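# What the coordinates show
Next come the chains, spelled out residue by residue.
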Amino acid sequence: MYAFVEQKLSKLPDAARLIGEADTLLQDQEDRESKLQRVALLDQRGLVLKHQGDLAASLASSREAVRLAKQAGEAKRIAVVENHLGLLLYTMDRFDEAQSAYEDALDIDREHFGEAHEITIDTEENLALTLSAQHKFDAALPLMQRALASETKLLGADSSET
């Protein structure tokens, strides 16, 4: 198991380099599809940099991905990158900012996927954990209960994941 993890981690610098090269090629492109591809690249770069421990660079990349996603007006993409930004901010103990990112993502998730979709459930759980980290238990509990009810409905009461 550890060898597998070490092998994957050893590939992160190559992944970061390749993502950077692809991003450079797309930077001057103004069409919507290129912007969306760049959003995906910046989002992935942010995740890679987070796993490499470069949180400041990860945050810059993630914020740029959110900015471009909003500029492109792609709601589902905004929700994904906002959720990833929330994960990063949570890791950095910046809980107020993480809460805001999760709330933005959750609004979009509910509108585009519905209450019982796994993406919505994941975002609800992330928001609930962030609220708990801020000792906002009264706000976190209903979210966790709703997420559990949705997961149970989606996966079944006998599932090991509920």
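Thresholds applied
- Residues numbered from 1 in each chain as written.
- Predicted model: local features only at pLDDT ≥ 70, side-chain atom pairs only at ≥ 80, totals over all residues.
- Heavy atoms only, no water.
- Helix = DSSP H or I, 4+ residues; strand = E, 2+ residues; numbered from the N terminus.
- Buried < 20%, exposed > 50% of the residue type's maximum accessible area, 1.4 Å probe, protein only.
- Contact = heavy atoms within 4.5 Å.
- Lys, Arg positive; Asp, Glu negative; His and termini not counted.
- Charge placed at Lys NZ, Arg CZ, Asp CG, Glu CD.

## Comments concerning the overall build of the chain
Scanning the chain from N- to C-terminus turns up 8 helices and 0 strands. For the C-alpha atoms alone, the extent of the chain along its principal axes is close to 45 × 40 × 30 Å. Residues classed as buried in the chain amount to 37% of the 162 residues present. For the chain, the share of sequence-separated contacts (at least 6 apart) that also reach a separation of at least 24 residues comes to 52%. Averaged over its 18 positive side-chain charges, the chain has a centre that lies 4 Å from the centre of its 30 negative ones.

## Quick word on the environment of Ser34
Checked against the element boundaries, Ser34 lands in helix H3 (residues 32–52). Classification of Ser34 as buried rests on a relative accessible area of 9%. In the structure, Ser34 is positioned 26 residues away from Ala60 in sequence and 20 Å away in space, judged by C-alpha atoms. When sequence neighbours within four positions are dropped, the list of residues in contact with Ser34 reads Leu26 and Gln29.

## Some remarks on the side chain of Thr123
Tracing the backbone shows Thr123 in helix H7 (residues 118–133). When near neighbours in sequence (up to four residues on either side) are disregarded, Thr123 contacts Asn83, Tyr102, Ala105, Leu106 and Asp109.

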